[in-house]
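Single-letter residue listing:
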Amino acid sequence: MLIDKVISSEASSSEYVLDARDVLAGYGSKTILHELNLHIRPGEIYALLGANGAGKTTTLSLFLGFLAPQSGLVRVNGIDPFTRPTEARKNFAYIPENVALYEHLSARENVAYLLDLAGQHEDASTISNALAAAGLDSSAFDLRVGGFSKGMRQKVAIALALARKVPALLLDEPTSGLDPQATTEFNRLLGLLRQQGVAILMVTHDLLSAADIADRIGFLEAGRLVEEVAAQGQDRFDVRNLHRRYAGQAI
Ligand code: ATP
């Protein structure tokens with residue numbers, strides 16, 4: 001069992017792109033997250049697992065700047081996302097469970113428009129390259145996204161993240177509803193972002209996908225990060241043990 005307090009004493013905050021330290025957070029007077037310590041380095045994929053109601057979405061909300069911690073510190077690339085949301089948003093991309101795109105625009109137009117909104121103007125070839133790197137078939141670049149599958153929509157969102165070159169990526173249940181092939185393809189894309197040095201926090205119930213791609217898996221139980229397991233060796237994770245751990249907590 002690796003409790004991340006060990007990590008926090010080993011390294012300074014500047015090493016972490018996504019950093020939550022000693023965070024208490026909740027809604028109104030109700031505290032949901034207790035003493036959350038979560039630190040993610042550049043080029044690291046962290047999967048956060050936990051039963052329904054464990055506090056995964058609340059954790060994401062902190063990094064997204066939707067929620068202020070009751071105490072403790074939350075930083076995205078050194079920026080407080082709650083008090084400085086505009087600057088913080090320049091440092092992360094967020095892919096929700098259901099990617100929201102402009103349905104009447106094509107994949108290429110969506111990326112161009114969303115980049116424009118982020119204050120970044122890119123030429124057509126940069127956008128094509130990003131869509132190609134995200135694995136979207138070139139025949140779909142100029143089709144309206146209204147007819148796209150969930151997997152195709154995620155590719156457009158990944159293309160946007162690639163083009164934005166953000167240091168952090170936040171993902172909410174990215175593989176729910178994807179077939180195994182699309183999940184494998186999605187994980188390949190996350191690997192691509194990891195190679196670019198992006199710090200990735202993925203909230204998921206998909207243990208197999210997490211074991212496939214994550215560098216660390218954290219288990220959240222009733223608002224407490226009770227265990228972290230790091231990938232090791234060629235087998236990376238003992239999936240049976242992880243499953244026992246995960247299914248056990250949900251019973
Ligand atoms: P799931 O897997 O079902 O999405 P989760 O791990 O993401 O669950 P959260 O959505 O973070 O869990 O919820 C944690 C707790 O906070 C739950 O008890 C939930 O009822 C409560 N909660 C969530 N949002 C609010 C809110 N806006 N106001 C009050 N309580 C909330």
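What you are looking at is a predicted structure, and each value in this text was computed from that prediction instead of being measured.

Caption draft 1: View of the site of the ligand. All residues in the neighbourhood of the ligand are listed as Tyr27, Ile32, Ala51, Asn52, Gly53, Ala54, Gly55, Lys56, Thr57, Thr58 and His205. Measuring from an oxygen atom of the ligand, one finds a side-chain N or O atom of Thr58 at 2.6 Å. For the ligand, the protein covers 58% of the area, taking 640 Å² as the surface of the free molecule. In terms of residues, the shell around the ligand owes the most to one element, helix α2 (residues 56-64), which gives three residues. Classifying every residue of the shell around the ligand by side-chain character gives four nonpolar, six polar and one charged.

Caption draft 2: Structural context of the domain arrangement of the protein. For the protein, the assigned domains read domain 1 (13-91 + 167-251) and domain 2 (98-165). For domain 1 versus domain 2, the separation of C-alpha centres amounts to 24 Å. The interface of domain 1 with domain 2 comprises 16 residues on the first partner and twelve residues on the second. At the boundary of domain 1 with domain 2, total buried surface from both sides reaches about 1,000 Å², with 61% on carbon and sulfur atoms. The interface formed by domain 1 and domain 2 contains one salt bridge. The tally of links between domain 1 and domain 2 comes to three residue pairs in polar contact (both at pLDDT 80 or more). With seven residues, helix α7 (residues 180-195) is the single largest residue contributor to the side of domain 1 that touches domain 2.

Caption draft 3: Main features of the sheet that holds strand β2 (residues 30-40). Spatially, the three strands line up as an open sheet ordered β2-β1-β4, and their pairing is antiparallel. One side of each edge strand has no neighbouring strand; the edge strands of this open sheet are β2 and β4 (71-76). Strand-to-strand twist of the sheet, defined as the mean angle between neighbouring strand axes without regard to direction, takes the value 30°. In the sheet, strand β1 (residues 18-27) pairs with β2 via seven bridges, with the strands oriented antiparallel. Paired with Asp19 across the two strands is His39, which belongs to β2.

Caption draft 4: Examining the layout of surface pockets more closely. Put simply, the largest pocket is a space of about 530 Å³. Surrounding the largest pocket, 20 residues form its lining, Ala93, Tyr94, Leu114, Leu160 and Arg164 being those nearest its centre. Residues belonging to the lining of the largest pocket are distributed by class as follows: 18 nonpolar, no polar and two charged. Looking at which domains feed residues into the lining of the largest pocket, each of domain 1 (13-91 + 167-251) and domain 2 (98-165) gives three or more.

Caption draft 5: Structural view of the pattern of salt bridges. Tallied over the entire structure, the rule returns eleven salt bridges. A salt bridge links Arg216 to Glu44; its shortest N-O distance comes to 2.7 Å. Of this pair, Arg216 sits in strand β8 (residues 216-221) while Glu44 sits in the loop between β2 and β3 (45-50); the two residues are 172 residues apart in sequence, bridging distant segments of the chain. Residue classification places Glu44 among the buried residues on the basis of a relative accessible area of 10%.

Caption draft 6: Structural view of the confidence of the model for the protein. On average, the protein scores 89 in pLDDT, and the residues at 70 or more come to 93%. Looking at the elements of the protein, mean pLDDT is at its lowest for helix α1 (residues 5-10), recorded as 39, and at its highest for β4, recorded as 97.

What counts and how
- The residue count restarts for each chain, going from 1 along the sequence in the order it is written.
- Owing to the predicted nature of the model, reporting of local features is limited to residues with pLDDT of at least 70; listing and counting of side-chain atom pairs is limited to 80 or more, with chain, interface and lining totals taken over all residues.
- Only hydrogens and water are set aside; all other atoms, that is, all heavy atoms of the structure, feed into the side-chain values.
- Whether a residue is near a molecule or strand depends on its heavy atoms: if one lies within 4 Å, it is near.
- Counted as a polar contact is a pair of N or O atoms within 3.5 Å, where, for protein atoms, one must be capable of donating a hydrogen and the other of accepting one, and residues adjacent in sequence contribute only when both atoms are in side chains.
- Here, Shrake-Rupley sampling with a 1.4 Å probe gives the accessible areas, and only protein chains in the shown set may cover a residue.
- What counts as a helix is a DSSP run of H or I of at least four residues, what counts as a strand is a run of E of at least two, and both are numbered from the N terminus.
- Put simply, Ala, Val, Leu, Ile, Met, Phe, Trp, Tyr, Cys and Pro go in the nonpolar bin, Asp, Glu, Lys and Arg in the charged bin, and everything else, Gly too, in the polar bin.
- The start and end points of each domain follow an automatic or database-based domain assignment.
- Note on contacts: a residue pair is in contact if any heavy atoms of the two residues lie within 4.5 Å.
- Joining two parts hides part of their accessible area as seen by a 1.4 Å probe, and the buried area is that hidden amount summed over both.
- The working definition used for a salt bridge is a side-chain nitrogen of Lys or Arg within 4 Å of a carboxyl oxygen of Asp or Glu.
- Only when DSSP finds a minimum of two bridges between them are two strands counted as paired.
- Lines fitted to C-alpha atoms define the axes, with helix axes restricted to the stretch in contact, and inter-axis angles between N-to-C directions lie between 0 and 180 degrees.
- Buried and open spaces are told apart on a 1 Å grid over the protein atoms alone, a cavity being a set of points where a 1.4 Å probe fits but cannot get out and a pocket being an open set with protein on both sides within 12 Å along at least five of seven lines. Residues with an atom within 4 Å of a point are the lining residues.
- Grid points are joined across faces, edges and corners, and a volume is the space filled by probe spheres set on the points.
- Relative accessible area decides the class of each residue, using a 1.4 Å probe on protein chains only: under 20% of the type maximum gives buried, over 50% gives exposed, and in between gives partly exposed.
- Confidence scores per residue from the predictor, reported as pLDDT, run from 0 to 100.

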